Amino acid sequence: MVADRARRVLLGGAGVLLVLGVMEAASRTGVVDAASVPPATEILSGAVEMAADGEFGGHLGATVAAWLSGVLLAVVLAVPAGLLLGSVPVLDRAALIVVELLRPIPSVALIPLAILVFVEPGRVERSLVCYACLWPILLNTLYGLREVEPVAKETLRSFGFGPLGVLLRVSLPSAAPLVLTGVRIALAVGLVVAVSAELRAGGESGLGIYLLATQSGGGRPDLMLAGALWAGVLGLLANGLLVAAERRIFRWRAVR
Amino acid sequence: MLEIKGLGHRYADGHRALTGIDLGVERGELVCLVGPSGCGKSTLLRCVAGLLRPTEGTVTLDGNTVDRVPDGLAVVFQDYTRSLFPWLTVRDNVALVLRRRGLGRRERRAAAEEALAAVGLADAVRKYPWQLSGGMQQRAAIARALAYRPSLLLMDEPFGSVDAQTREDLEDLLLTVRGGEGGMTILLVTHDIDESVYVGDRVVVLTGAPGTVHTELRVDLPAPRDQIATREHPAFVALRAEVGRAVRRP
Amino acid sequence: MTGKEGVAGKEGVASEAGKVGLAGRARAVRGFVGRIWLAVLLLALWEAAARAAGDLYFPPPTEIASTARELWWSGPASRLFLSDKALDDFGPSLTHLLAGWAIAAAVGIAAGVAIGLSRVLFELLDPVLQLGRAIPPPTLIPFFLVVFGLGTEMQVATIVFGAVWPVLLNTVEGVRGVEPLYLDTARAFGFGRATRILRVVLPAAAPRTAAGLRVALGFALILMVIAELMGAGGGIGAHLNDAERGFLPTELWAGIALLGLIGYLLNGVFLLVERRLIGHHRERQD
């Protein structure tokens, strides 16, 4: 176990170095144009430089704020809505179709409309992030409720618990793992939509604004790639935190 | 106490599970329902529990028609793996239902631990259901029902998945519990004829599809019952044969 | 086992009964109505509310539909009624989308098989791949703009970068999950390496790869839109840009509905093809 883990960490680290080395060599030897694809060392030093630079921090912070507040609002809206729709059988099947019909619409297609309606870039961004995140959470809540064991619900009913008691004490806990998976999907989607909205709607600050400004200001590809890298790290971090939380909260699922 | 009159049920898809069931159960009585698979035993139990609304006839409990889950009822389902909540420890599974008994948090836990100890699960209280063997899970489900101190206890094949030794222990536990204060009324579904005669005051044989009451037999065996002495008793042997014939020849 | 009169038993009977006769058909109709009513009701409510409010930004669905028809389906019958604008809009968009997706599929499957077959390679590259997948593809658009300029290359590059990850990672997972006995059997019969990959590894990993391809198709659509929104000569994204700048909300709504329809159709066609090609795989895959 421990040796296996050590091996993975060691090899994984070596792999990162290997990829960096290949990128570095490709740029330095002129296999790719170093002016547009800078060597790995320059991207990394760019990333470090940006991390120390308060201006980039401010942009990144603005994106994170819009991203997380949008996801949070989506959770607050979609989970109760899912619980309500999913626990009324007449609504459940009908609601699923509505969701399935609306979901294929790429949420970024709404950016121009949101710009017309909301005008203010911050509102455009937050509302679109929230909209895009509603679907995975709502869908997973509905599917989660469908998989609740009927016998488990009957058990609690037989001990005299009412519909609300069964919903909160059986349906919600047994759907919770799928709901959390939905939130994880929403986090990934939300970051994509947040950056897309910033790129297209503009505004004062945000990762997308920073990247576009860097591009139009003559283009420092090292900084642009470093910015994308930081966004990736952010996404990994959010996902990792949620996976760790899932493991802790849902210990009971370990072997099933 | 429990009065079943002309009970019948037909599922929405047209499948007819039960018809014309008449059955009365006295307070404090332990009645066993036996019968071949598909005779509607579980459907009958669900109707009595108020989980299923019968399409014909009525179930009354203490003079009140059962149209929802009655108070003071507990059910031990056959499907114990799905009836225990996997996200709760064994103790919390028991403690949860005691909320309906108006007990405080500490009292609930104490009562849960006591009930689990009574079925031999004192060491498993902090474990999750999946960490237990099938027999232990079934015992936990039984402990949950007993801790609730129901006035009417419904059991659907409660000892179906435990080994022979545990099964005998649980049968004796059931006999001890019903003898205690409160006078619990028990309706137990089983397909084990020996078991029905051993624990029951009365054995009701259901047969056919849709199921109907075939025979009712009073079990007059000396108390206290004993796993060896009772099973060797001539009356036991005779009753067992009679129930067996009824089940096999509808 | 006795007393199986529970929920499972009931369902078994229901599905058997559902296969035959008029009663079955009536049930199917009821089931369809039971599923669709909310969608119809919401549409009707939207129509009524939009007509009552008369808000420029929220036109009624019938108006959106007739605008869409005028814009894209008013052409000659010989062209399936597609208008000139439809060809201008759909052509570049779908070409970019499918080209990007195809490249991502080819790269993802090839790299996925290579990485999945070698434990060392997998452990070497796993962290890099996880990071790569986590990078939101739109963050690379400014970089691609610098490298490729505005146009097809930038758009396809964005789509490829986003769509390659689900294919690649799912293929890796599928290949790693191939039953070793299959490979041993193939080796015992003297199959060469290439044959083993083509005849054993790829088919065994197919369900997972297909799941990745389907996710990738959804990503490709999203990235096509955002790449076109960043400024492009043609395509549905350009239509959206024009409608926004020209202040034509109804045309915007029509464009959004069109993209939803395309997303729905792409997914549907994919599922049909998938079922035909790898229907032999019984087990459900996520």
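All residue numbers refer to positions counted from 1 along the written sequence of the respective chain. Whichever chain is written first is A, and whichever ligand is written first is 1; the rest continue in order. Whole-chain, interface and lining totals are the exception, using all residues; otherwise, since this is a predicted model, local features are given only for residues with pLDDT of at least 70 and side-chain atom pairs are given and counted only at 80 or more. As a rule here, side-chain values come from all non-hydrogen atoms in the structure, and water together with hydrogens is ignored.

1. Digging into the interface of chain A and chain C
Then, in step 1: A contact between two residues is defined here by any heavy atoms of the two lying within 4.5 Å. With 54 residues of chain A at the contact, the number on the chain C side is 54 residues.
Then, in step 2: Just to be clear on terms, a salt bridge is a Lys or Arg side-chain nitrogen sitting within 4 Å of an Asp or Glu carboxyl oxygen. Summed over the shared surface of chain A and chain C, the number is 4 salt bridges.
Then, in step 3: One salt bridge connects R200 of chain A with E244 of chain C, and the closest N-O pair in it is separated by 2.7 Å.
Then, in step 4: Here a polar contact is taken to be a pair of N or O atoms separated by no more than 3.5 Å, where protein atoms must pair a possible hydrogen donor with a possible acceptor and residues adjacent in sequence count only if both atoms sit in side chains. Taken together, chain A and chain C are joined by 6 residue pairs in polar contact (both at pLDDT 80 or more).
Then, in step 5: A helix here means a DSSP run of H or I that spans at least four residues, while a strand means a run of E at least two residues long, and both kinds are numbered starting from the N terminus. Of all elements in the fold, only α1 (2–28), α4 (89–102), α5 (111–118), α8 (163–201), α9 (207–216) and α10 (221–249) of chain A reach the threshold of two or more residues within the side of chain A that touches chain C.
Then, in step 6: Here the element with the most residues in the side of chain A that touches chain C is α1 of chain A; it accounts for 10 residues.

2. Observations regarding the packing of aromatic side chains
Then, in step 1: Two rings belonging to Phe, Tyr or Trp (six-membered ring only in the last case) form a pair when the distance between their centres is within 6.5 Å. Interplanar angles under 30 degrees mark stacking, angles over 60 mark edge-to-face geometry, and anything in between is tilted. If you walk through the whole model with that rule in mind, you get 14 aromatic pairs over all chains.
Then, in step 2: Centre to centre, the rings of F58 of chain C and W253 of chain C are 5.9 Å apart; their planes meet at 55 degrees, and the pair counts as tilted. Taken together, the residues span a long stretch of sequence, with F58 of chain C in the loop between α2 (21–53) and α3 (61–72) and W253 of chain C in helix α11 (residues 249–278) at a distance of 195 residues.
Then, in step 3: Burial here depends on accessible area, computed with a 1.4 Å probe over protein chains only, as a share of the maximum for the residue type. Under 20% is buried, over 50% is exposed, and the range in between is partly exposed. By relative accessible area, which is 37% here, F58 of chain C ends up partly exposed.
Then, in step 4: Take W253 of chain C: its relative accessible area is 15%, and that puts it in the buried class.
Then, in step 5: Taken together, the aromatic side chains of W46, F58 and W253 of chain C make up a single cluster linked through ring pairs.
Then, in step 6: Look at NZ for Lys and CZ for Arg. If either is within 6 Å of the ring centre and within 35 degrees of the ring normal, a charge sits over the ring. A cation over a ring is seen here: R100 of chain B above F161 of chain A, with NZ or CZ 5.9 Å from the ring centre.
Then, in step 7: Over the face of the ring belonging to Y198 of chain B we find R231 of chain B, whose NZ or CZ atom lies 4.6 Å from the ring centre.

3. Side note on the interface of chain A and chain B
Then, in step 1: With 21 residues of chain A in contact, the opposing surface of chain B contributes 23 residues.
Then, in step 2: Sorting the residues of chain A by area buried against chain B places S158, F159 and W252 of chain A first, and these three jointly supply 31% of that buried surface.
Then, in step 3: Across the chain A-chain B interface, the total number found is 2 salt bridges.
Then, in step 4: Ionic pairing is found between R46 of chain B and E154 of chain A, a salt bridge with its closest N-O pair at 2.5 Å.
Then, in step 5: Linking chain A to chain B there are 6 residue pairs in polar contact (both at pLDDT 80 or more).
Then, in step 6: The leading source of residues in the side of chain A that touches chain B is helix α7 (residues 150–158) of chain A, at 7 residues.
Then, in step 7: We call Asp, Glu, Lys and Arg charged. Ala, Val, Leu, Ile, Met, Phe, Trp, Tyr, Cys and Pro are nonpolar, and the rest, Gly among them, are polar. Across the side of chain A that touches chain B, the residue classes break down as 10 nonpolar, 4 polar and 7 charged. By buried area we mean the combined loss of accessible area, with a 1.4 Å probe, across both parts when two parts are placed together.

4. Here's the deal with the side chain of K41 of chain B
Then, in step 1: On the secondary structure map, K41 of chain B appears in helix α1 (residues 41–49).
Then, in step 2: All tallies of charge rest on Lys and Arg as positive and Asp and Glu as negative; His and the ends of each chain are not included. Buried K41 of chain B, no salt bridge; nearest opposite-charge side chain is E157 of chain B, N-O distance 4.6 Å.

5. Notes on the pattern of salt bridges
Then, in step 1: Taken as a whole and judged by the stated rule, the model has 32 salt bridges over all chains.
Then, in step 2: R28 of chain A serves as the salt-bridge partner of E24 of chain A, at 2.8 Å between the closest nitrogen and oxygen. Residue E24 of chain A and its partner R28 of chain A are both found in helix α1; the two are separated by 4 residues, about one turn of the helix.
Then, in step 3: Here R28 of chain A falls in the exposed class, since its relative accessible area comes to 52%.
Then, in step 4: The shortest N-O distance in the salt bridge between R82 of chain B and E149 of chain A comes to 3.5 Å. Of this pair, R82 of chain B sits in helix α2 (residues 80–83) while E149 of chain A sits in the loop between α6 (121–146) and α7, each in a different chain.
Then, in step 5: One connected set of salt bridges, linked through shared partners, spans R167, E171, D192, D194, E195, R231 and R240 of chain B.

6. A word on the sheet that holds strand β1 (residues 2–10) of chain B
Residues and elements named next belong to chain B.
Then, in step 1: Whether two strands pair depends on DSSP finding at least two bridges between them. Taking strand neighbours across the sheet as the criterion, the 4 strands line up as β2-β1-β4-β5 in an open arrangement whose pairing is antiparallel. Strand pairing shows two members of the sheet lacking a second neighbour, β2 (16–25) and β5 (64–65), which therefore form its edges.
Then, in step 2: Here strand β4 (residues 56–61) pairs with β5 via 2 bridges, running antiparallel. Bridge pairing in β5 places L61 opposite N64.

7. Let's talk about the pairing of strand β9 (residues 202–207) of chain B
All names here are of chain B.
Then, in step 1: A large share of β9 lies buried, amounting to 6 of its 6 residues.
Then, in step 2: A two-sided burial pattern is seen for β9, the buried positions comprising R202, V204 and L206 on one face and V203, V205 and T207 on the other.
Then, in step 3: Where strand β3 (residues 30–34) and β9 come together, 4 bridges link them in parallel fashion. Residue pairing across strands places L33 opposite V204, the latter belonging to β9.
Then, in step 4: Examined bridge by bridge, β9 and strand β10 (residues 212–218) share 6 bridges and lie antiparallel to one another. By the bridge assignment, V203 is partnered in β10 with L217.
Then, in step 5: Here β9 folds back onto β10, and the loop between the two strands holds 4 residues, one of which, G208, carries a positive phi near 85 degrees.

8. Examining the domain arrangement of chain B
Residue and element names in this part refer to chain B.
Then, in step 1: Domain annotation of chain B identifies domain 1 (2–72 + 150–248) and domain 2 (86–149).
Then, in step 2: Reported domain spans reflect what an automatic or database domain assignment gives. A separation of 24 Å is found between the C-alpha centroids of domain 1 and domain 2.
Then, in step 3: Around 1000 Å² of area is buried between domain 1 and domain 2 when both sides are counted, 70% of it from carbon and sulfur atoms.
Then, in step 4: It is P150, L170 and L173 in domain 1 that bury the most area against domain 2; as a group they hold 37% of the surface buried on that side.
Then, in step 5: Between domain 1 and domain 2 we count 0 salt bridges in total.
Then, in step 6: For the pair domain 1 and domain 2, the number of links is 1 residue pair in polar contact (both at pLDDT 80 or more).
Then, in step 7: Counting residues per element, the ones that place at least two in the side of domain 1 that touches domain 2 are β7 (152–156) and α6 (164–179).
Then, in step 8: Looking at the side of domain 1 that touches domain 2, the element that brings in the most residues is α6, giving 4 residues.
Then, in step 9: Tallied by class, the residues present in the side of domain 1 that touches domain 2 amount to 10 nonpolar, 4 polar and 3 charged.

9. A word on the UniProt feature "transmembrane region" (unreviewed entry) in chain A
All names here are of chain A.
Then, in step 1: Feature annotation in UniProt places "transmembrane region" (unreviewed entry) on residues 58–85, 97–119 and 223–244, given in this structure's numbering.
Then, in step 2: Segment residues 58–85 splits into 100% helix and 0% strand. End C-alpha atoms: 40 Å apart.
Then, in step 3: End-to-end, the C-alpha atoms of residues 97–119 are 32 Å apart, and along that stretch the chain is 61% helix and 0% strand. UniProt positions are given in the numbering used here, feature names are shortened, and annotations may be inferred rather than shown by experiment.

10. Describing a nonpolar patch on the surface
Then, in step 1: A patch is a set of surface residues, each over 30% in relative accessible area and not in a salt bridge, joined within 9 Å for like charges and within 5 Å for the nonpolar side chains Val, Leu, Ile, Met, Phe, Trp and Tyr. The method behind every accessible area is Shrake-Rupley, applied with a 1.4 Å probe, and residues are considered shielded solely by the protein chains displayed. There is a patch of nonpolar side chains on the surface, built from L101 of chain A together with L261, Y264 and L265 of chain C and spanning about 380 Å² of accessible area.
Then, in step 2: With 3 residues, α11 of chain C is the largest single contributor of residues to the nonpolar patch.
Then, in step 3: Along the chain, the position of Y264 of chain C falls in helix α11.

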